[in-house]
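Structural overview for review
Each chain is listed here by its residues.
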Amino acid sequence: MTDKGRLVRKSIAVLTLGCLTALPASAQTVKERLPTCLACHGENGQSKNPEVPSLGAQQVFYVTVQLLMFRERMRVVDPMNDMAKGLSDDDLRSLADFISKLPAPQPPDGPVDNARIERARTLVEKNHCNICHTATFAGQENVPHIADQREDYLIKALRGYKDNSRRGYDAAMADVIEPITDAQILDLAYYIARVK
Amino acid sequence: MSIARVRMGLVVAVALGLIYGVAPAAAQLPNTPGATPPPPTPNMPTSEAATKLKGIAAPPFAAAPDKLPLAQLKLPKGFKIEVYANGIPDARSLRIGDKGTLFVGNRVQDKVYAVVDRNGKREVKVIASGLDRPNGLAFKDGTLYIAEGTKISKLEKIEDNLDNPPKPVVIYSDFPNHQAHGWKFMALGPDNKLYVNVGAPCNICIPPDANSQIRRLNLDGTGAEPYIRGNRNSVGFDWNPTTKELYFTDNGRDWMSEELPNDELNRVTKMGQNFGYPYCHQGNILDPQYGWGRSCSDFVPPVALLGPHAAALGMRFYTGSMFPAKYHDAIFIARHGSWNKTNKIGGDIYVVYLNKDGTVKSQESFMTGFIRDNNYIGRPVDVQPMKDGSLLVSDDYEGAVYRITYGNGKVASQ
Amino acid sequence: MVRYQSAGLLLAGALSLLATTALAQQQATPAQPPAAAALPPGSPLIGRPDNNPAAAKLAPVPSPPLATAADKLPLDKLKAPKGFEIEVYASGMPNARSMVLDDKGTVFVGSRLQDKVYAITNKNGKREVKVLVSGLYRPNGVAFKNGTLYIAELSQISKIDNVEDKLDSSPKPTVIYNDLPKDEAHGWKYLAIGPDNKLYFEVGQPGNNVLHDSAHGQLRRINLDGSGAEVIAFGIRNTVGFDWNPKNKELYFTDNGRDWLSEDLPNDELNRITKIGQDFGAPYCYQGDIPDPDFGWGHSCSEFVPPVALMGPHAAALGMKFYTGTMFPAEYRGQILVARHGSWNKTKKFGGDIALVKLNKDGTVKSVEPFITGFLQPDNNYVARPVDVMNMPDGSILVSDDWNGAVYRVSYGSKKTAER
């Protein structure tokens, strides 16, 4: 394992610990759980934690469905199943509403590799990502806002759709990701994490 | 080691496992290795109108009962509609047990429900959960069979054990694993075999040998064989009560034209027939990608065209006596409604009338109203006649099941 | 990670049987294809599906560049109904295309792939083929009025006054109109003079199936001096033949449907103009009821004018005339004869004939049936390809054949032809 790998591993361990110190009982209201959510996902819609997604400006429908899938264990992702446990349908709705109003995440600073951007743009056009995710990648309804999402999370998500380890609400992502190679996933994530 | 530390260790381990790709507990199989992935739909249009069209996601929660769209649904004179059960998110295929229990499957969610009248009340219960697209249901001799994305399992003596249902026991799992058209419809044939569709794993592609078929197998999971081929995605089929021939709906490909091809109603006159996909659509259109050099006359054409992109799904022959005589042995078809069409069509219950020889006499809408102002206020999925001759209709958009009666057909007791 | 991989391998082993059959059935994986040379814009092969052997065999059929010797013309293969006779009118005109007759009995013949306009003179029963003018650019369209020959090239219309006096003097045409795009795709033109004494011609759609600007995909007309250009009709993909109904002067035109949609769709169209400014659908809607796969989204075919007849899939319906003679039996009089050049975008070819389109009294179409066949043989090969049809004063018709570079005469009854 590389040093980076060790570091990631350690960070996740710390995180998981940290996020779970206030493990909520089912009786906790949405309001009481929120600080725990934001501790991992970031106060301002922007996640600073590796592979933990930014939630800012996320589509209400999409968040509702993801929370539902966590609650029903259609997606098994620790610690999210515990986080969603016991929430009522209305709780899910109000959480989704709150999250959608968080500010949209921002792209990282620094120089960009224009060649990679161009490769990714071509891929987006060819595979029509922007038909569902829209031209600005803000998403719509069940299609998530992915603009300026964390690059490592995007990679994880796309890989998950590709090897079927991540369940989609419907077949759309599994369908479109089929012809995409891993190298292309990396380019796509690089680009989408940095769209302006 | 203290419990807390063990627990922490477990949590960390699971978290790490996820990073390094160990499949999580409620596992899904990786994509079938070796199977060549289909290409993306070639020549996707890029016009603005086309970019507005995409699949419509089922709402995750069931609608509150007072929000159900009954008042907008239109039926022929003499027919009435009521809510039979609600609070069933993603209500899909319907099956009735010998003791009258209604079973309802899911497609994007994970549950199978039972609806049963007990102590003067109608109860909706979850009898199985954590399943992978449990859309196919069949019932025989007290056992409910459930077809998920990659397997079939059974719940024995289920009607006697609704409060404490057994865990599903897998009887068959040799299905390819794919998301596109991976959910299954299942029905019990007159030969006591389970018939299941295996859809094409794409919009338009040359399907692997294991796909694009209706397969049948014995109730114990043995003897699986393809029954017919060349269907794209059939989410409804039933047998002609007189001739015992299988009729099935089939959803046509997308991204070819606003108005083409039509969804199909097909009739099987012998095992092994090929109904054309991906080479020939609706019996007379050779595919823009794969049809070159082919002839539609090599395939079996449909017996009825059910509208372009209308999403014709569940269908049953009506054999009850509550409805007027003209509906006897007619086929009721749920048209879920289109997404690949600017002006939506479908969103209704359709009826196809047959001649005595099994050919199609005519077809028409039966119950309309699920599309209003080019938006869905409900989407019918399956139809199921009850013993008393009323007709149940599932609606995965509103998470409910409706019951259609005729004349003095009593409202089902609550 | 190790655990996952070995599970994966086990799975692979268990499913290898399935996969083998699956692979055998599958087309070649379209993995990272090598960068292919891009097709030039307007290429007829744009839209052809990749990795498809049957589709790869389909491309426009190349026309023989040299004319067939007179004694080798496939007359014996061309079939007409009982009572009709087919003979060679003239030969030796490579890529003989549209035709027009002047007032002295000379037939002028344009060409699409070559640079020449031919003249077939007829003096005392003796016919002779001359090159009237050469060095032109796709001079497919020819029209005649009051001694003047008009020629439509790819991007200009020109004229030769008093052409009869200049048959042997290699006259130089005078350009009268050139406000035309220069696209090769569907750029060659059919030319005809209407009852209103204006020159009609089209500007085709600059590609198999493309959106285009307001200068393409249309029928235009200009005065005989080249002035007063106006657009008559829109939504036309490529018309290479049109004529006016002698009864009511309505203009009917053929239109070639798009390629690479399906073996059997769309049909070529026969359209009818009932007023100025109508839109016939291309590229949004084809054959009146198919919204296009690329551009039809959000459109309904009801926005456009449907054809009055379907002329067969990929049939290449080109030149057409209302039969105005009395030599042919009554059932032909006043009906439309259409040259169907024959398909290329279809594995089993279709067309290669002259079709008879019968009309109802109100100008709608009653039927379409083959009249003269044999240009396309049962072995799926062309021995000839008809391009244009023309009325002769004696009631016979001429048919041009760009495959052999010849013009045939079709007559009926015992009237003998003018002896060679």
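Residues numbered from 1 in each chain as written. Chains lettered and ligands numbered in written order. Predicted model: local features only at pLDDT ≥ 70, side-chain atom pairs only at ≥ 80, totals over all residues.

1. Notes on the overall build of chain B
- Looking only at helices and strands, chain B has two helices and 28 strands in total.
- In chain B, buried positions account for 56% of the 414 residues.
- Once local pairs closer than 6 in sequence are excluded, the contacts in chain B between residues at least 24 apart make up 55%. (Helix = DSSP H or I, 4+ residues; strand = E, 2+ residues; numbered from the N terminus. Buried ≥ 20, exposed ≤ 12 C-beta atoms within 10 Å, placed from the backbone. Contact = placed C-beta atoms within 7 Å.)

2. Focus: the overall build of chain A
- Along chain A, the regular secondary structure elements total 10 helices and zero strands.
- Looking at the 196 residues of chain A, the share that counts as buried comes to 40%.
- Relative to all contacts within chain A whose residues are 6 or more apart in sequence, the contacts with residues 24 or more apart total 67%.

3. Some words on the environment of A185 of chain C
Residues and elements named next belong to chain C.
- By secondary structure assignment, the location of A185 is in the loop between β9 (174-177) and β10 (191-193).
- Assessed through the 19 C-beta atoms surrounding it within 10 Å, A185 is described here as partly exposed.
- Separated by 144 residues in sequence, A185 and P41 place their C-alpha atoms 8.5 Å apart.

4. So, the sheet that holds strand β11 (residues 194-198) of chain B
All names here are of chain B.
- Strands sit in the order β10-β11-β12-β13 across an open sheet of four strands; the sheet is antiparallel. The sheet is open, and its two borders are formed by β10 (186-188) and β13 (225-229), each paired with just one other strand. With direction set aside, neighbouring strand axes in the sheet form an average angle of 25 degrees.
- Inspection of the sheet shows β10 paired to β11 by three bridges, in the antiparallel sense. When the sheet's bridge partners are listed, L188 is paired in β11 with L194. (Pairing = 2+ DSSP bridges. Axes fitted to C-alpha atoms, helices over the stretch in contact; angles between N-to-C directions.)

5. A word on the packing of helix α6 (residues 114-127) of chain A against helix α10 (residues 182-192) of chain A
Residues and elements named next belong to chain A.
- Across the interface, α6 lies against α10 with an axial gap of 8 Å and an inter-helix angle of 105 degrees. With respect to α10, the element α6 is oriented roughly perpendicular. Residues R116, I117, R119, A120, R121 and L123 of α6 touch α10, and the partners they reach there are Q184, D187, L188, Y190 and Y191.
- Class assignment for the residues of the contact of α6 with α10 results in six nonpolar, one polar and four charged. (Parallel < 35°, antiparallel > 145°, perpendicular 65-115°, else oblique. Nonpolar A, V, L, I, M, F, W, Y, C, P; charged D, E, K, R; others polar.)

6. Some thoughts on the pairing of strand β20 (residues 312-317) of chain B
Residues and elements named next belong to chain B.
- Most of β20 sits inside the fold, with five of its six residues counted as buried.
- Note: β20 against strand β21 (residues 331-335), four bridges, orientation antiparallel. Residue M315 lies in a different strand from β21, and its bridge partner there is I333.

7. Focus on α10 of chain A
- Taken together, the buried positions of α10 of chain A are I185, D187, L188, A189, Y191 and I192 of chain A.
- Buried residues in α10 of chain A make contact with α6 and α8 (151-162) of chain A.

8. So, the packing of α8 of chain A against α10 of chain A
Residues and elements named next belong to chain A.
- Axis separation between α8 and α10 bottoms out at 8 Å; the angle between their running directions is 140 degrees. What the angle tells us is that α8 and α10 run oblique. Along this stretch, α8 crosses α10, giving a crossing that reads as right-handed. Where α8 approaches α10, its residues E151, L154, I155, L158 and R159 are matched on the opposing element by I185, L186, L188, A189, Y190 and I192. (Left-handed = near helix turned anticlockwise from the far one by under 90°.)

9. Looking at the sheet that holds strand β9 (residues 169-172) of chain B
Residue and element names in this part refer to chain B.
- In spatial order, the strands read β6-β7-β8-β9; together these four strands make up an open sheet with antiparallel pairing. Since the sheet does not close on itself, it has two edges, and those belong to β6 (136-140) and β9, each with one partner. Each strand axis lies, on average, 30 degrees off the axis of its neighbour in the sheet, ignoring direction.
- As judged from the five bridges shared by β6 and strand β7 (residues 143-147), these two strands associate in the antiparallel manner. Counterpart to G136 in the pairing with β7 is A147.

10. Quick look at the environment of L144 of chain B
Residues and elements named next belong to chain B.
- Relative to the helices and strands, L144 is located in strand β7.
- Each C-alpha atom, one on L144 and one on E159, is 8.7 Å from the other, the two residues being 15 residues apart in sequence.
- Excluding residues within four positions of it along the chain, L144 makes contact with G97, F103, L137, F139, K154, L155 and I158.

11. Considering the domain arrangement of chain A
All names here are of chain A.
- Domain assignment breaks chain A into domain 1 (3-100) and domain 2 (114-192).
- Listed by partner, the interface residues are 15 residues for domain 1 and 14 residues for domain 2.
- Within the side of domain 1 that touches domain 2, the residues separate by chemical class into nine nonpolar, four polar and two charged. (Domains from an automatic or database assignment.)

12. Looking at the nonpolar core
- Ranked by internal contacts, the top residues of the largest apolar core, which has 222 residues, are F332 and V401 of chain B together with F108, V338 and V407 of chain C.
- In this structure V407 of chain C touches Y89, A90, A96, M99, V109, I120, L398, V399 and S400 of chain C, once residues within four positions along its chain are discounted.
- By size, the runner-up hydrophobic cluster in this structure holds 26 residues, among which are L67, L95, I99 and Y169 of chain A. (Core = buried A, V, L, I, M, F, W, Y, C linked by C-beta atoms within 7 Å.)

13. Thoughts on helix α5 (residues 89-100) of chain A
Residue and element names in this part refer to chain A.
- Its 12 residues give α5 an end-to-end C-alpha distance of 17 Å, which sits within 8% of 16 Å, the value for a rise of 1.5 Å per residue.
- The set of residues buried in α5 consists of L92, L95, A96 and I99. The arc that holds the buried residues of α5, viewed along the axis, is 100 degrees, so those residues lie on one side.
- Of the surrounding elements, those touching the buried residues of α5 are α2 (30-41) and α3 (60-71). (Expected span 1.5 Å × (residues − 1). Arc of directions from axis to C-beta.)

14. Some points on the confidence of the model for chain B
- Averaged over every residue, the pLDDT of chain B is 90; residues scoring 70 or more account for 88%.
- Segment residues 1-37 of chain B is flagged for pLDDT under 50; beyond a separation of four residues in sequence, or across chains, it makes 66 contacts in the model. (pLDDT = per-residue confidence, 0-100.)

15. Some thoughts on the pairing of strand β21 (residues 317-322) of chain C
All names here are of chain C.
- Counting buried residues along β21, five of its six residues qualify, which places the element largely inside the surrounding structure.
- Alignment of β21 against strand β22 (residues 336-340), held across four bridges, turns out to be antiparallel. Counterpart to K321 in the pairing with β22 is L337.

16. Focus on the confidence of the model for chain A
- Looking at chain A as a whole, its pLDDT mean stands at 87, while 86% of the residues score no less than 70.
- Mean pLDDT per element in chain A: helix α1 (residues 3-20) of chain A is the minimum at 51, and α10 of chain A is the maximum at 97.

17. Overview of unusual backbone geometry
- In the segment running from D78 of chain A into P79 of chain A, the intervening peptide bond is cis, with an omega of 5 degrees.
- Note on placement: P79 of chain A falls in the loop between α3 and α4 (80-84).
- The omega angle of the peptide bond from L265 of chain C to P266 of chain C is -10 degrees, so this bond is cis rather than trans.
- Of note, P266 of chain C is situated in the loop between β15 (251-255) and β16 (267-273).
- One non-glycine residue, W255 of chain B, lies in positive phi territory at about 60 degrees.

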